[in-house]
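Chain by chain, the residues run as shown.
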Amino acid sequence: MQYMLLIYGAEDRWAQLTPAQAGEAMGAFRTYTEDLRNAGKLIGGHQLQPEASAKSVSLLDGKRRVIDGPYVEIKEALGGYYLIDAENEAEALQWAEKCPGARFGGIEVRPLVPM
Amino acid sequence: MNEARLTERVARESYGRLLALLAARTRDVSAAEDALADAFAAALVTWPRSGAPKNPEAWLFAAAKRKLIDAARRAKTAAQGEAELVRGIEEIEAEMRAGVAPDHRLGLMFACTHPAIEESVRTPLMLQAVLGLSAERIAAAFLVEPSAMSQRLVRAKKKVRDVGASFDVPPPEEWAARMSAVLDAIYAAYGVGWSDPLGSDPERRGLAEEAIWLGRVLAQQAPAEAEALGLLALMLHLEARKPARRDAAGGYVPLDEQDVALWRRAELEEAERTLHAASWLKRVGRYQLEAAIQSAHATRIFGGATDWGAIVTLYEALAALTNSPVAHLNAVAALARRDGAEIARRALDALSQEHVVLCGYQPYWALRADLCARLGDAKAARAAYDEAIARESDPAVRAFLEVRQRGV
């Protein structure tokens, strides 16, 4: 079963880290990515540019409209994702728990619809 | 350029400086990359959100410090004590904070183009070491598998370490040859993706911007090197015309027919200033001549006609300097504009006998076709277009040649 680990966190949390903390956090992500890869669980993943760079596209009224930003009122923004292959939900949750992003905010775990 | 791109640029600029500084001490590019990888990744995530720090190098150094100490610990010799090692790192850190750390990027560029490094990997190596581009990004531009590019880069870095490639600037007797290797490697980066000026294939994004960036670093580090300025001027001239090189439908537009209103004025003017500065150094070379040729074409933007006389002279000088058949060919093309098709065709006949390799070269046939058509020799023109079309891989240029052929 494939699961999406969506990493949510406060955008400004990164900005508040000292350089040494930021370096260590990045190291933790790298180690985590390696662990996933070595366990044969990693399918893909990426960091996302900050929320401010986002655009929203809507075809709601039949016209294409591109709006700057999703204008999230919530503090936590999607910062990145991992797509993993796990036996079951319990395993996916275990991986989510190990993700360094869990310490910065939270990880949403969503199973994919098999196609 | 948006905020995210700007901060990325600052991050890459500081990364290159820091990497050069570390690698110059150890000659080990891979170890320096490993030590800086997390700090660089953290900068790419953090800075777009917080803004680039006031002293980016000091920030990166602080983020990498623990790794640097670990790396130094692994590499330390029996003679070095722990305290000495930490002191060494703290010295660099203090220099960073005070903004007085030396910039070794020129040395790094020389190391990347060391004669022991295979020519085809010099450009990728420089892009990775100086600008911190990933192997994936470089592989995509060079149309090779990421894993293959990775392996090549790893081997090249090992070679740099094994041959002890010096990060010092070369002695005077080697200077010219080593500098020309650096220039060629940068220009090769500019050429990647040239046939896709619209960047319509995102997987194949060219490296023009990155090449100009390297050119700027070089020009800034070696300001008395006329050819470094010449190369920068050349790339800026070509880049200024990029928006005009294809029409709205993606069709090829030859230089003569380009809409000068589409040329980017800021880049063009910077190119002119840079070339002017180069001319003060009074050491002419291949790149300055090529830039001067572009400059002669650029006069159109200021309302003037192209000075074909000057272009012929410049191409002849370039041909005399390099003995490149392509330079000779271009001289003939300019001659056609100055003295007419009749004289040019005679020159072309003579040239093709002297340089038989030209018969495998698309622009030779395109020029021949054009000259024959202008002289009313339709049959020869159509046949030459056939030869040109068969030798062209860029679909936009091929389509252009086919239209010309039908017009004969």
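Fair warning: this is a prediction, and the values are worked out from it, not measured in the lab.

**Q** Provide a residue-level description of the overall build of chain B, including the pertinent values.
**A** Scanning chain B from N- to C-terminus turns up 19 helices and 0 strands. Taken over the C-alpha trace, chain B has a radius of gyration of 24 Å; the compact-globule value for 408 residues is 22 Å, and the two agree within 12%. The principal-axis extent of the C-alpha atoms belonging to chain B is close to 85 × 45 × 40 Å. Counting only contacts in chain B whose residues sit at least 6 apart along the sequence, the fraction spanning at least 24 positions is 65%. Between the mean site of the 52 positive side-chain charges and the mean site of the 55 negative ones, chain B shows a separation of 2 Å.

**Q** So what's going on with the interface of chain B and chain A? Which residues, and what values?
**A** Opposite the 16 residues of chain B that make contact, chain A presents 16 residues. For the pair chain B and chain A, the summed buried surface comes to about 1,400 Å²; carbon and sulfur atoms form 63% of the total. Sorting the residues of chain B by area buried against chain A places Asp38(B), Val45(B) and Arg49(B) first, and these three jointly supply 42% of that buried surface. The salt bridge involving Arg30(A) is made with Asp38(B); its shortest N-O contact spans 2.8 Å. At the boundary of chain B with chain A, the tally comes to 3 residue pairs in polar contact (both at pLDDT 80 or more). Those elements that place two or more of their residues in the side of chain B that touches chain A are α2 (29-50) and α3 (56-75) of chain B. Counting residues per element, the side of chain B that touches chain A draws most heavily on α2(B), at 10 residues. Of the residues belonging to the side of chain B that touches chain A, the class tally is 9 nonpolar, 2 polar and 5 charged.

**Q** Which residues make up unusual backbone geometry, and what values go with them?
**A** Residues and elements named next belong to chain B. Phi is positive for Arg-27, close to 60°, though the residue is something other than glycine. Relative to the assigned elements, Arg-27 resides in the loop between α1 (3-26) and α2. For Arg-27, a relative accessible area of 33% gives the class partly exposed. One non-glycine residue, Leu-143, lies in positive phi territory at about 55°. The topology assignment puts Leu-143 in the loop between α7 (135-142) and α8 (146-162). Classification of Leu-143 as exposed rests on a relative accessible area of 55%.

**Q** So what's going on with the confidence of the model for chain B? Which residues, and what values?
**A** Taken over all residues, the pLDDT of chain B has a mean of 90, while the share at 70 or more is 96%. With pTM at 0.83, the complex prediction returns an ipTM value of 0.74.

**Q** Explain α3(B) to me, and be specific about the residues and the numbers.
**A** The terminal C-alpha atoms of α3(B), which comprises 20 residues, lie 26 Å apart, in line with the 28 Å expected from a rise of 1.5 Å per residue. Along α3(B), the helix axis deviates most sharply at Lys65(B), where the bend reaches about 55°. Buried residues along α3(B) sit in contact with α2 (19-38) of chain A together with α1, α2 and α4 (82-98) of chain B.

**Q** Talk me through the pattern of salt bridges; I want residue IDs and the actual numbers.
**A** Pairing between side chains of opposite charge can happen when their charged atoms approach one another. Residue and element names in this part refer to chain B. Across all of its chains, the model carries 36 salt bridges over all chains by this definition. We note a salt bridge from Glu-239 to Lys-242, for which the minimum N-O separation is 3.0 Å. Across the pair Glu-269 and Arg-265 runs a salt bridge whose closest N-O atoms are separated by 3.4 Å. One end of the pair is Glu-269 and the other is Arg-265, both in helix α12 (residues 265-280) and 4 residues apart, which spans about a single turn. We classify Glu-269 as partly exposed; its relative accessible area is 34%. Overall, the relative accessible area of 42% leaves Arg-265 in the partly exposed class. Put simply, Glu-13, Arg-17, Glu-57, Asp-103 and Arg-105 are held in one network by salt bridges that share partners.

**Q** Describe the nonpolar core, and please don't skip the residues or the numbers.
**A** If you look at the biggest cluster of nonpolar residues, it comprises 123 residues, and the most contacted ones within it are Tyr82(A), Ile84(A), Leu108(B), Met109(B), Met126(B), Ile186(B) and Leu218(B). A total of 10 residues in this core trace back to one element, the largest contributor, which is α2(B). Residues in contact with Ile186(B), not counting those within four places in the same chain, are Met109(B), Met126(B), Ala211(B), Leu214(B), Gly215(B), Leu218(B), Leu231(B) and Met235(B). Of all hydrophobic cores here, the second largest spans 21 residues; its members include Ala341(B), Ala344(B), Leu348(B) and Ala366(B).

**Q** Lay out the packing of aromatic side chains with the relevant residues and their values.
**A** In this structure the tally under the stated criterion is 9 aromatic pairs over all chains. Where Tyr187(B) meets Tyr190(B), the ring centres are 6.5 Å apart and the plane angle is 0°; that geometry is what we call stacked. With Tyr187(B) and Tyr190(B) both in helix α9 (residues 172-191), this residue pair falls 3 residues apart, about one helical turn. Here Tyr187(B) and Tyr190(B) have matching classes, each one buried. Through pairs of rings, three or more aromatic residues link up here, namely Tyr32(A), Tyr82(A) and Trp95(A).

The rules behind each value
- Residues numbered from 1 in each chain as written.
- Chains lettered and ligands numbered in written order.
- Predicted model: local features only at pLDDT ≥ 70, side-chain atom pairs only at ≥ 80, totals over all residues.
- Heavy atoms only, no water.
- Helix = DSSP H or I, 4+ residues; strand = E, 2+ residues; numbered from the N terminus.
- Rg over C-alpha atoms; globule rule 2.2 N^0.38 Å.
- Contact = heavy atoms within 4.5 Å.
- Lys, Arg positive; Asp, Glu negative; His and termini not counted.
- Charge placed at Lys NZ, Arg CZ, Asp CG, Glu CD.
- Buried area = accessible area lost by both parts, 1.4 Å probe.
- Salt bridge = Lys/Arg side-chain N within 4 Å of Asp/Glu carboxyl O.
- Polar contact = N/O pair within 3.5 Å; in protein donor to acceptor, adjacent residues only side chain to side chain.
- Nonpolar A, V, L, I, M, F, W, Y, C, P; charged D, E, K, R; others polar.
- Buried < 20%, exposed > 50% of the residue type's maximum accessible area, 1.4 Å probe, protein only.
- pLDDT = per-residue confidence, 0-100.
- Expected span 1.5 Å × (residues − 1).
- Bend = angle between axes of the 7 residues up to and from the residue.
- Core = buried A, V, L, I, M, F, W, Y, C linked by side-chain atoms within 4.5 Å.
- Phe/Tyr/Trp six-rings, centres within 6.5 Å; stacked < 30°, edge-to-face > 60°.

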